[in-house]
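Listed below, chain by chain, are the residues.
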Amino acid sequence: MSDLDFSKLETLSVSIDQHIAHIQLSRPEALNSMIPIFWHELPATVRKIDEQSAARVIVISSQGKHFSAGMDLSVFTQMGQDFVGEPGRRAERMRRMVLELQDSFNALESVRMPVLVAMQGGVIGGAVDMVCAADSRYCTQDTFFTIKETEIGMTADVGTLQRLPHLIPQGLVRELAYTGRNMGAQEAKESGLVNQVFDDQESLLAGVMKIAAQIAGHSPLAVAGCKEMINYTRDHTVADALNYMATWQTGMFQMPDIQEAMGAAKERRKPVYEELHKNISGMQRK
């Protein structure tokens, strides 16, 4: 996959319009289960969008009745075939594999632009890991969430148990993890996991795209700063986060975007902001 050519993706469909990148899980006939190549395509896609500063917000949705059935059986089969050899070396390899899977969803958190997820139907197993790494979540009335791993004899290991306790009450996280029961859309809304519940998939996508458009209309530097600070604050003390905020503002607080915002408001027009620089190492050659 080079530059912004997403035509060869096997598990995703990507479009970019009006500063909004729309990524769809595109295997509805297989309930958008996460086959091995998915774990490479998703992080590569979101990071490519970030590298090229190709959008100001990313929306992830899916085709079909269900958002995603989670980890595909083929991944477990592949892992089972690799589960051989001397125990210490086998364990070291397993650790690297789990870290690689985790990194696929870490990408949603580490890119500079917000990631919004629009869900319908089942959000199962690995799909819960994925959506927990997004900035905001939205769903339809028929959506349900399941930490399926417990039911199949394993502990969820790709982010659910690390991120979900920051999103909903600890006691509820523990109940969902220990029992593996379904949590419906209304319970998810009441607990704070999702921001809004929509009647159907059409109104869901329209509503989320409207929110995405609001985000895309703001200074990409200001929005990226919000994401950076919120993520940092979650993982640090208030004192540390305030200190980091002050340091951030020392370099990032500049007048052009503020002047543009004030000028646009005065002239009753939409502000026009410069895009962020590409997120590419200065050591890379074009």
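Going by the annotation in an unreviewed UniProt entry, the name recorded for the chain is Enoyl-CoA hydratase, with Paraglaciecola chathamensis S18K6 given as the source organism. According to the UniProt record, the Sequence similarities (unreviewed entry) comment for the chain is "Belongs to the enoyl-CoA hydratase/isomerase family." If you open the UniProt record of the chain and go to Pathway (unreviewed entry), you find "Lipid metabolism; fatty acid beta-oxidation."

Caption draft 1: Region of the structure containing the sheet that holds strand E3 (residues 57-62). The sheet built from six strands is open, its strands ordered E1-E2-E3-E4-E6-E9 with mixed pairing. Edge positions in the sheet fall to strand E1 (12-17) and strand E9 (196-198), since each of these pairs with one other strand and no more. The average angle at which neighbouring strand axes cross in this sheet is 20°, direction not considered. Direction of pairing for strand E2 (residues 20-25) relative to E3: parallel, over a ladder of six bridges. Residue His-22 lies in a different strand from E3, and its bridge partner there is Val-59.

Caption draft 2: Seen up close, the side chain of Gln-24. In this structure, Gln-24 sits in strand E2. A polar side-chain atom of Gln-24 sits 3.4 Å from a polar atom in the side chain of Gln-63. Ignoring anything within four residues of it in the chain, the contact list for Gln-24 reads Thr-11, Leu-12, Ser-13, Ser-61, Ser-62 and Gln-63.

Caption draft 3: Structural view of the pairing of strand E4 (residues 115-119). In terms of burial, E4 is largely enclosed, as five of its five residues are buried. Burial along E4 is two-sided: Val-115, Val-117 and Met-119 facing one way and Leu-116 and Ala-118 facing the other are all buried. Where E3 and E4 come together, three bridges link them in parallel fashion. Paired with Ile-58 across the strands is Val-115, a residue of E4. Alignment of E4 against strand E6 (residues 136-140), held across four bridges, turns out to be parallel. Bridging across to E6, Leu-116 finds its partner in Ser-136.

Caption draft 4: Representation of the sheet that holds strand E5 (residues 122-124) in the model. Taken in spatial order, the three strands make up an open sheet running E5-E7-E8, and their pairing is mixed. The open sheet has two free edges, formed respectively by E5 and strand E8 (182-184), since each of these has just one partner strand. Across the sheet, the axes of successive neighbouring strands diverge by a mean angle of 20°, strand direction being ignored. Where E5 lies against strand E7 (residues 144-146), three bridges are found, and the strand directions are parallel. Within the sheet, the bridge partner assigned to Gly-122 lies in E7 and is Phe-144.

Scoring rules and cut-offs
Residues numbered from 1 in each chain as written. Predicted model: local features only at pLDDT ≥ 70, side-chain atom pairs only at ≥ 80, totals over all residues. Heavy atoms only, no water. UniProt positions renumbered as here; feature names shortened; annotations may be inferred. Pairing = 2+ DSSP bridges. Helix = DSSP H or I, 4+ residues; strand = E, 2+ residues; numbered from the N terminus. Axes fitted to C-alpha atoms, helices over the stretch in contact; angles between N-to-C directions. Polar contact = N/O pair within 3.5 Å; in protein donor to acceptor, adjacent residues only side chain to side chain. Contact = heavy atoms within 4.5 Å. Buried < 20%, exposed > 50% of the residue type's maximum accessible area, 1.4 Å probe, protein only.

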